[in-house]
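# Structural features, examined
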Amino acid sequence: ARFTVGLTGGIGSGKSVVARLFAERGVDIVDTDQIARGLTVAGGAAMPAVLAEFGAGCADEHGALDRARMRALVFSDPAAKARLEAILHPMIRDAVYAASLLGTAPYVIFDIPLLVESGTWQSRLQRVLVVDCPEELQLVRVMHRNGLPEAQVRAIMAAQVPRQVRLAAADDVVDNGGELAALAPQVDRLHGLYVEMAAAHAR
Ligand code: ATP
């Protein structure tokens, strides 16, 4: 398999902005959230198994996963959460690996918001890249981007691993505590590093 970098970071840390900068440099990006969502749209590959496990009540009238309902269920029932993940996680992994075969760039980046939380990706990654910024900046950026109240953003942040735990899992860090313009030089440096590492990996 190609040299693969896992890109992660807390909510609003700047993963999407950083992923775009790598894409502009020709790197293949696999968006794991987008793949996961695609499995549970109407006609999605995971829906037959999900319907068999949870019944028609877990889908809306079109046959797509009823996200609000499922969220409420798994929030109150850890066993249901485990059953849902037992269906989805292997399918997500397979679909992500399949998507990663498509590109021809020297290396591929998997954009994995919950890389550290899920703990199942690391063995497949050559490198973990964390986008980091102070939590107060995450808070302000997400409140601004999504128009959410502070308490709601703090609740999402509290459900993710703490900043220091994520940083401890990092091989490389993009510091996004400054201006957007500060990102490109960091991405240039890392891209150079990854191209070199990918060449060594291929040998
Ligand atoms: P999520 O986890 O919610 O998907 P993310 O990690 O992908 O978020 P982005 O969407 O890239 O984060 O960034 C969050 C918001 O903050 C966006 O509106 C983005 O434009 C803005 N932003 C990111 N970095 C900076 C920066 N250095 N200065 C100012 N605004 C920024």
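Read on for an overview of the structure.

## A look at the environment of Leu 148
By the secondary structure assignment, Leu 148 is in the loop between α7 (135-146) and α8 (150-158). For the pair formed by Leu 148 and Lys 81, sequence separation is 67 residues and the distance between their alpha carbons is 26 Å. Apart from residues lying up to four places away in sequence, Leu 148 is in contact with Val 142, Met 143 and Val 153.

## Section: empty space enclosed by the protein
Per the stated rule, a full pass over the model turns up 1 cavity of 30 Å³ or more. Approximately 50 Å³ is the volume found for the largest cavity. The wall of the largest cavity is formed by Gly 10, Ser 13, Val 130, Val 131, Asp 132, Cys 133, Gln 138, Arg 163 and Arg 166. Secondary structure elements with two or more residues in the lining of the largest cavity: β4 (127-132) and α9 (163-168). Here the lining of the largest cavity takes 3 residues from β4, the largest share from any one element. Of the residues in the lining of the largest cavity, the class split is 3 nonpolar, 3 polar and 3 charged.

## Overview of the site of the ligand
Lining the immediate surroundings of the ligand are 14 residues, of which Lys 15, Ser 16, Arg 145, Asn 176 and Gly 178 lie closest. Contact distances for the ligand include 2.7 Å between an oxygen atom and a side-chain N or O atom of Lys 15. One of the side-chain nitrogen or oxygen atoms of Arg 145 is found 2.7 Å away from an oxygen atom of the ligand. When the ligand sits alone it has 630 Å² of accessible area, and the protein chains cover 74% of it. For the shell around the ligand, the secondary structure elements donating two or more residues are α1 (15-24) and α7. The leading source of residues in the shell around the ligand is α1, at 3 residues.

## What to know about the packing of α1 against helix α10 (residues 183-202)
Following both chains from N to C, one finds α1 and α10 inclined at 55°, their axes separated by 10 Å at the closest point. The pairing of α1 with α10 is recorded here as oblique in orientation. In this structure, the crossing between α1 and α10 has a hand that is right-handed. Facing Val 17, Val 18, Leu 21 and Phe 22 of α1, the residues of α10 in contact are Leu 183, Ala 184, Val 187, Leu 190, His 191 and Tyr 194. When grouped by side-chain class, the residues that make up the contact of α1 with α10 number 9 nonpolar, 1 polar and no charged.

## Comments concerning the nonpolar core
Core analysis: the biggest nonpolar cluster contains 28 residues, and Val 50, Phe 54, Phe 110 and Trp 121 have the highest contact counts within it. Put simply, the parts of the chain that give this core at least two residues each are α2 (32-39), α3 (47-54), α4 (67-76), α5 (78-100), β3 (107-111), α6 (115-118) and β4. Among the elements that take part in this core, α5 stands out by supplying 6 residues, more than any other. Excluding anything up to four places from it in sequence, Phe 54 contacts Met 70, Leu 73, Ala 80, Arg 83, Leu 84 and Ile 87.

## Concerning the packing of aromatic side chains
Tallying each qualifying case throughout the model produces 6 aromatic pairs. Here Phe 3 and Tyr 194 contribute two aromatic rings whose centre-to-centre distance is 6.4 Å and whose plane-to-plane angle is 45°, an arrangement assigned as tilted. Separated by 191 residues along the polypeptide, Phe 3 in strand β1 (residues 3-8) and Tyr 194 in helix α10 bring together distant segments of the chain. Judged by its relative accessible area of 5%, Phe 3 falls in the buried class. Of the residues examined, Tyr 194 reaches a relative accessible area of 0% and is grouped as buried. Ring geometry for Tyr 97 versus Trp 121: centroids 6.2 Å apart, planes at 85°, classification edge-to-face. Of the two residues, Tyr 97 is situated in helix α5 and Trp 121 in the loop between α6 and β4; the sequence distance between them amounts to 24 residues. Given the relative accessible area of 7%, Trp 121 is considered buried. By way of ring pairs, the aromatic residues Phe 3, Phe 22, Tyr 107 and Tyr 194 are connected into one cluster. Sitting above the plane of the Tyr 97 ring, Arg 124 keeps its charged end 4.6 Å from the centroid.

Rules of the game
Residues numbered from 1 in each chain as written. Predicted model: local features only at pLDDT ≥ 70, side-chain atom pairs only at ≥ 80, totals over all residues. Heavy atoms only, no water. Helix = DSSP H or I, 4+ residues; strand = E, 2+ residues; numbered from the N terminus. Contact = heavy atoms within 4.5 Å. 1 Å grid on protein atoms, 1.4 Å probe; cavity = no way out; pocket = protein on both sides within 12 Å on 5 of 7 lines; lining within 4 Å. Points joined across faces, edges and corners; volume = space filled by probe spheres on them. Nonpolar A, V, L, I, M, F, W, Y, C, P; charged D, E, K, R; others polar. Near = heavy atom within 4 Å. Polar contact = N/O pair within 3.5 Å; in protein donor to acceptor, adjacent residues only side chain to side chain. Areas by Shrake-Rupley, 256 points an atom, 1.4 Å probe, with all protein chains shown as cover. Axes fitted to C-alpha atoms, helices over the stretch in contact; angles between N-to-C directions. Parallel < 35°, antiparallel > 145°, perpendicular 65-115°, else oblique. Left-handed = near helix turned anticlockwise from the far one by under 90°. Core = buried A, V, L, I, M, F, W, Y, C linked by side-chain atoms within 4.5 Å. Buried < 20%, exposed > 50% of the residue type's maximum accessible area, 1.4 Å probe, protein only. Phe/Tyr/Trp six-rings, centres within 6.5 Å; stacked < 30°, edge-to-face > 60°. Lys NZ or Arg CZ within 6 Å of the ring centre and 35° of its normal.

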